[in-house]
Every structure is written in C-alpha cells, then in structure tokens.
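# Observations on chain architecture
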Amino acid sequence: MPPGKPQPPHSSSSPDPSGQPDPDGLLLCGALLTDGRTVDVRLSGGRIEAVGTAGSLGGGGGHGVGGGRAAGGSHEGGARVDLTGYLLLPAPAEPHAHPDTALTADGDGPASEDPDDVQRRATEATLLQLGHGATAVRAHVRVGDVQGLGALRAVLRARRSLRGLAEMTTVAVPRVLTGAAGADGLAMLRDALKMGACVVGGCPDVDPDPTGYVEAVLEVASEHGCPVDLHTDAGDPARLARVAAMAGGLRPGVTLGPCGGLSRLPSEAASRAADQLAAAGVTVVCLPQGGCQGAEGRGTAPVRLLRAAGVRVAAGSGALRDAANPVGRGDPLEAAYLLASRYGMRPEDAYEAVSTSARAALGLPEVRVEAGFPAELLAVRGDRLAGALSLAYSRIVVHRGRVVARTSAVREFCDSAATVELGLPRQGRGELS
C-alpha cells in the first residue's frame, strides 16, 4: 500500500467541496458480485440507480481505463470506472473509533490536547479508515476532566472538514457521572450534546457507581432523543443484567462494547447474559483487533454465542495506533478477517458484522448492490469474499455515489523458471533488479 499520510483523492469522480453527490452520476463497469454475477452499476444522486449485466448500461466498447481508474469518456455526461477484477461490496462502517487519541503511540509523554493537534489526528485517522473502506465512522470523544470540551470541539471541526468524504458521528464520553464529581460531568455531557455530539456515551465500569452512571446516561439520552453507546467489559453478570433491564425499549437504541469480559464468564452465565441482551434489543460492538481507550480488560466478545442468541453483533477497530494498541490499523476488513480466521465465522457473516450490522448500529440505512440503495460501496481486487478478506490490498471506495479514495497495490516477482513454467499470475511486468 502507498506509504505516507493519506491524501484526498484526485479524479473525475472526486467530491466537490459542497459534499453533494455527483449530479452527472458514475458508472461502475464489469464489477463482480458475491453471487458470481458480473455487472455494471449506475450511480446517481448518491444512490444506486440501476444494476445490469456487464455492458448493458453503456459500460462496453473498451473506452474505460483498467485497474479501477476513472475513464476519460462518459456515459450520459457522467464518469465511469472499470472494475474488471474487482469484487463490489456494500461499504463497511466503523462503529467504534477514538480519533482524538489516534496516532499518538509514537509520541513522547502524554498525547497533545492542543485543539489543532486533535483536529489533525482526527482528520488523518478518519482518512486512513476511509482508505480502508469505512465511509461512516462513529467517533468516541472524551469530555470533561482536564480537556473539558476542547477535544470534542476539535473533532467536530474535523467532521466539518471531511464533509463529502466520510460521514462522522460523535459520541460524548464523560468519565464520572455520580457523586459530588458527577454534577460537573452531567453538565458537561449536556453541553456536549448542545455543541453537536449526537450520541451519549460513557464508561460505567470506571465510575464508583456503575449502575447510577448508566441511569444518568439513559436519562440524558431520553431527554435529547439520542442513542446510547457505552464502553464496558461486561465481565460482571449482575451488573450487565441491570444494564440490559434499564436499556430495554430505549429508542433509538443502546450499544455496548467491547464486552470482552463475556468470553471469560462460565458458559451458562454467558448464555444467560446473551439472552438478556437479545431481549433488550442491545447491539454489541466487538473489537477483534484489540482493546481501546476507556475499556477495562481485553479479549473479544463471544460473537457466535451472541449471534446464536439473537444479538446484533457489529465489529469495530477500536484503537488506531494509540496507547491501547500501538499497531492498530483501523481496518474493518482486518476485523472481518479476524472474526473468520480466529472465531470461526463464515466470511459472509464476518463481513456483515463490519458492514450491514455496523451501519445498523450507527442508525444508517442498509446498503445492497441493488437499485434504490445508498451508493456506499467498496470495490476490492479479487473474485471471492474469502480471498478479499485475506489479501485486500487494492481498494476503491465510493461515498454518496463518488469515488473518494483509491488504494492501488502492485506485487511483482523477478523472472524465474517457476513462474514461467507454472504460469503464475503477475500484476506487473516491470523489471526487478
């Protein structure tokens, strides 16, 4: 993959500063779907307008440029992209990011809380995740304590600067909400919502009164009509049962994560907890790539047990090269790969956890490669989903019907008898010295 910091893409299908969908539309030519069909897909007004067999929507004739590059020609006034050799998927979403602390693992001492530094980190982290394919990100941001609302203000500025490239929602995460110190935390939480945070979050495990903390969060969320997204290890069955009982029926919904403690419970207790979460309609966001800031303990939630109980399970990335995970990649396809390789999920179910379920956890509409659905898409070089999760190097990302990021990887081998005799594929034909 290309080195260095991510740069906004430059192509005939890149977004304009207004962030509006391309009025002329975009034609994706020769893409392979997971059901084996090869299709053309026409995008217009930020949605999928039509899906037809390859060449049926004006994509034939050899006028496109290979390798997923935007063509110089047009179709009814719009650009087109040749996706020959690419698998076309609904774009993933990132339901659990920490952009305010991202990219700080290599620094000396505590991470800078200067607003300009926070904004820069949040912007770069979101662009990295966009390059991986995540067109929507839920950003958990600490409020209160020393930083006050400064980090949230900086992340909100980053969100505005990324308009048209990626969709970011912000979660206000106060530390303490009970006792004498809790009054300040509650006031700060309400101010954060007035400022622009749209999800009420928090870490009940670190409050002296976890149950009281959850009660306070749910009350504020109910007042403002906001969803709830809480960090918890979920290692205490009694406490988790109380959370599920309080969360049941709350609209627009409650999400818990990373819930790694569930995997350390005895099987009977874990099964009972899964049933309680399912009955309450709680979504669980697991973090198969590791922990995150604000979560006690490590480990991944028992995804197969939760799914069997009827719990919606989404997968997030968590830490992106910060103190919690200095090598975190923030790549949703890696999260899906780990769910498949380490936790025994089918590739289709693993990818669903980072796409359909992740979007549902964020309150976003479903995406399918069918007419009428949002044009939030990811093209990955490959012909099978399992292979794409294994070696997903080259990617093309579409947000609101426009190409917003492209990663191109070329692997070359020097000439040898083995490659010639066996006819092994090569992506490049350059000379290697």
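Here goes a summary of the coordinates provided.

So, about the packing of helix H3 (residues 179-195) against helix H4 (residues 210-224). Their axes nearest at 11 Å, the elements H3 and H4 cross at an angle of 30 degrees. Classified by the interaxial angle, the pair formed by H3 and H4 is roughly parallel. Note that H3 runs across H4; the crossing there is right-handed. For the pair formed by H3 and H4, the contact residues are Leu186, Leu189, Arg190 and Leu193 on the first element and Ala216, Val220, Glu223 and His224 on the second. Split by residue class, the contact of H3 with H4 holds 5 nonpolar, 1 polar and 2 charged.

Right, let's get into the pattern of salt bridges. Considering all chains together, one arrives at 19 salt bridges under this definition. Among the salt bridges present, the one from glutamate 268 reaches arginine 272, with a minimum N-O distance of 3.8 Å. Highlighted residues: glutamate 268 and arginine 272, both in helix H6 (residues 267-280), separated by 4 residues, approximately one helical turn. Through salt bridges that share partners, Arg307, Arg346, Glu348, Asp349 and Glu352 make up one connected network.

Attention shifts here to unusual backbone geometry. Where the residue is not glycine, phi is negative for most of them; where a peptide bond is considered, it is trans in most cases. Looking along the chain, the bond that leaves arginine 251 and enters proline 252 is cis, with omega of 15 degrees. With omega at 0 degrees, the peptide bond leading from glycine 257 into proline 258 counts as cis. Relative to the assigned elements, proline 258 resides in strand S11 (residues 254-258). Residue alanine 234 is not a glycine yet carries a positive backbone phi of 60 degrees.

Okay, the environment of alanine 134 next. Considering the arrangement of structural elements, one finds alanine 134 in the loop between helix H1 (115-132) and strand S7 (136-143). In the structure, alanine 134 is positioned 264 residues away from valine 398 in sequence and 9.7 Å away in space, judged by C-alpha atoms. When near neighbours in sequence (up to four residues on either side) are disregarded, alanine 134 contacts Pro92, Ala93, Glu94, Gln129 and Pro332.

Moving on to the pairing of strand S8 (residues 167-174). Buried residues dominate S8, accounting for 7 of its 8 residues. Note: S7 against S8, 8 bridges, orientation parallel. Residue pairing across strands places valine 143 opposite proline 174, the latter belonging to S8. Read as a crossover between parallel neighbours, the route from S7 over helix H2 (residues 150-161) to S8 is right-handed. A crossover links S8 with its parallel partner strand S9 (residues 199-202), the connecting element being H3, and its sense is right-handed.

Rules used in this analysis
Residues numbered from 1 in each chain as written. Predicted model: local features only at pLDDT ≥ 70, side-chain atom pairs only at ≥ 80, totals over all residues. Heavy atoms only, no water. Axes fitted to C-alpha atoms, helices over the stretch in contact; angles between N-to-C directions. Helix = DSSP H or I, 4+ residues; strand = E, 2+ residues; numbered from the N terminus. Parallel < 35°, antiparallel > 145°, perpendicular 65-115°, else oblique. Left-handed = near helix turned anticlockwise from the far one by under 90°. Contact = heavy atoms within 4.5 Å. Nonpolar A, V, L, I, M, F, W, Y, C, P; charged D, E, K, R; others polar. Salt bridge = Lys/Arg side-chain N within 4 Å of Asp/Glu carboxyl O. Buried < 20%, exposed > 50% of the residue type's maximum accessible area, 1.4 Å probe, protein only. Pairing = 2+ DSSP bridges. Right-handed = clockwise from strand over helix to strand, strands pointing away.

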